[in-house]
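Residue strings, one per chain:
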Amino acid sequence: MGDFDPDIGEGLDPDGPSAEDLDRFGSEFIACPNCGKDIYDQAEICTHCGQAVEEKSGLPPLWVMIVLAMVVFAVLFFLTL
Ligand SMILES: [Zn+2]
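Read on for an overview of the structure.

Conventions adopted
Residues numbered from 1 in each chain as written. Predicted model: local features only at pLDDT ≥ 70, side-chain atom pairs only at ≥ 80, totals over all residues. Heavy atoms only, no water. Helix = DSSP H or I, 4+ residues; strand = E, 2+ residues; numbered from the N terminus. Buried < 20%, exposed > 50% of the residue type's maximum accessible area, 1.4 Å probe, protein only. Contact = heavy atoms within 4.5 Å. Areas by Shrake-Rupley, 256 points an atom, 1.4 Å probe, with all protein chains shown as cover. Donors = N, O, S within 2.8 Å, 3.2 Å for Na, K, Ca; no water. Tetrahedral: all angles 85-135°; square planar, octahedral: opposite > 155°, others 65-115°. Phe/Tyr/Trp six-rings, centres within 6.5 Å; stacked < 30°, edge-to-face > 60°.

Another aspect to go through is the overall build of the chain. In terms of regular secondary structure, the chain is built from two helices and two strands. The N-to-C order of helical and strand elements in the chain reads α-β-β-α. Counting every position in the chain, which comprises 81 residues, the buried fraction comes to 6%. Considering only intrachain contacts with a sequence separation of at least 6, the fraction spanning at least 24 residues in the chain is 0%. Only carbon and sulfur atoms are counted for the fraction: they give 61% of the accessible area of the chain, which is about 7,600 Å².

Below, the structure written as structure tokens:
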């Protein structure tokens with residue numbers, strides 16, 4: 001008795017990034033539209049040639065989405081008054 005140490009940690013400081021981190025940052029690559037080299041899917045600028053990378057799916061920029069969301073919420077809010 002007494003030798004048992006309950007503090008021997010599980011999951012305190014795992015080495016390296018967690019699975020969630022890897023998932024968040026993503027591991028997918030796309031080809032740069034300018035130089036054709038592989039770059040991160042979420043990269044805004046090609047790390048090889050410096051060319052700005054267009055959104056592949058044609059979605060509007062994030063701020064547009066945010067503004068639209070705010071407008072929708074505002075409309076819904078006033079409709080419920
Ligand atoms: Zn490039």
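The next subject is the coordination of the zinc ion. Angles between donor atoms at a metal ideally measure 109.5 degrees for a four-coordinate tetrahedral arrangement and either 90 or 180 degrees for a six-coordinate octahedral one. Every protein donor of the zinc ion is listed here as C32 (SG), C35 (SG), C46 (SG) and C49 (SG), and their distances to the metal cover 2.3 Å. Around the zinc ion, the four donor atoms are arranged such that angles at the metal cover 103 to 118°; this shape is classified as tetrahedral. Summarised as a motif, the one-chain spacing of the donors to the zinc ion is C-x2-C-x10-C-x2-C. The exposure class of C46 is buried, given its relative accessible area of 3%.

It is worth spelling out the packing of aromatic side chains at this point. By the definition in use, this model includes two aromatic pairs. A ring pair is formed by F29 and Y40, whose centres lie 5.0 Å apart and whose planes are at 25°; its orientation type is stacked. With a gap of 11 residues between them, F29 in strand β1 (residues 29-31) and Y40 in strand β2 (residues 38-40) connect regions that are remote in the sequence. Their ring planes at 75° and their centres at 5.5 Å tell us that F77 and F78 sit as a pair that is edge-to-face.

Read these as spatial facts, not as claims about activity.
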